[in-house]
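Residue-level listing of the chains:
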Amino acid sequence: MMTTRRFYVDKRFPVRNGLRVLSIHPLERDMDKDRLECLWACGDANAGNTLAYGIQNDWFEDRNYVRATAIQQLLANRGDVLAMNNLAFSYIYGIGTRKNLRLAMLWLGKAAAAGFHSSITNYAYETLIVGNPYGDIELAKLYLMESIKHGYDDEWKSLYTLM
């Protein structure tokens, strides 16, 4: 029996075949892996994101990081911004793939351009603080100003004054 507590209709995700998909919350840690596998096999992008994130963060005994990165790559290629953001960090830290800062910034840039706030902040951080050579400094400053303008991340305001 499914509980309604764990499921909701998420209006941020696109309509598929004329219907919004019943999705699990992207970071629903207490979901069991078999249910996630089943939902992912049925094409639920949220289940795929949660499954990949869970594998990479040791929620399950399955530690197949290569598979997790492959799931993220598939979803990112389909335009899923959460997967793009998480795939970028797979490339930054070499989780399930080789480290590749150029590809990391490419995926962060795509997700940021799509308006995904975490990626906007992460792009600015990776470029301005970490000093990733593949980040565009002017674009990172623009993203930083957008975050401040929309009231996100008060700590960024003090960072911007240092630049």
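## Comments concerning helix α3 (residues 65-77)
- An ideal rise of 1.5 Å per residue puts 18 Å on 13 residues; α3 measures up with 18 Å between its terminal C-alpha atoms.
- Regarding α3, the residues found buried are Ala68, Thr69, Ile71, Gln72, Leu75 and Ala76. Burial along α3 is one-sided: seen end-on, the buried residues are contained in an arc of 155°. Turned more than 90 degrees away from the buried face of α3 sit Val66 and Asn77, all of them exposed.
- In this structure, the buried residues of α3 make contact with α1 (33-41), α2 (45-56), α4 (81-93) and α5 (101-113).
- Once α3 ends, the next one or two residues include Gly79, with phi positive near 100°.

## What about the environment of Thr97?
- Along the chain, the position of Thr97 falls in the loop between α4 and α5.
- Residue Thr97 is classed as partly exposed on the basis of its relative accessible area of 28%.
- Sequence separation between Thr97 and Thr69 is 28 residues; the distance between their C-alpha atoms is 7.2 Å.

## Observations concerning unusual backbone geometry
- A positive phi angle, close to 60°, is found at Asp58, a residue other than glycine.
- Along the chain, Asp58 falls in the loop between α2 and α3.
- Judged by its relative accessible area of 37%, Asp58 falls in the partly exposed class.

## A closer look at the packing of aromatic side chains
- Counted according to the given criterion, the structure contains four aromatic pairs.
- With a centroid separation of 5.4 Å and 70° between ring planes, the pair formed by Tyr53 and Trp59 is classed as edge-to-face.
- Their ring planes at 85° and their centres at 5.5 Å tell us that Tyr123 and Tyr143 sit as a pair that is edge-to-face. Pair noted here: Tyr123 is in helix α6 (residues 117-130) and Tyr143 is in helix α7 (residues 137-149), with a separation of 20 residues, a long-range link.
- Relative accessible area serves as the criterion here: at 5%, Tyr123 is assigned to the buried category.
- Feature note: the residues Tyr53, Trp59 and Phe60 constitute an aromatic cluster, connected by ring pairs.
- Sitting over the face of the ring of Trp107, Lys110 holds its NZ or CZ atom 4.5 Å from the ring centroid.

Cut-off values and rules
- Residues numbered from 1 in each chain as written.
- Predicted model: local features only at pLDDT ≥ 70, side-chain atom pairs only at ≥ 80, totals over all residues.
- Heavy atoms only, no water.
- Helix = DSSP H or I, 4+ residues; strand = E, 2+ residues; numbered from the N terminus.
- Expected span 1.5 Å × (residues − 1).
- Buried < 20%, exposed > 50% of the residue type's maximum accessible area, 1.4 Å probe, protein only.
- Arc of directions from axis to C-beta.
- Contact = heavy atoms within 4.5 Å.
- Phe/Tyr/Trp six-rings, centres within 6.5 Å; stacked < 30°, edge-to-face > 60°.
- Lys NZ or Arg CZ within 6 Å of the ring centre and 35° of its normal.

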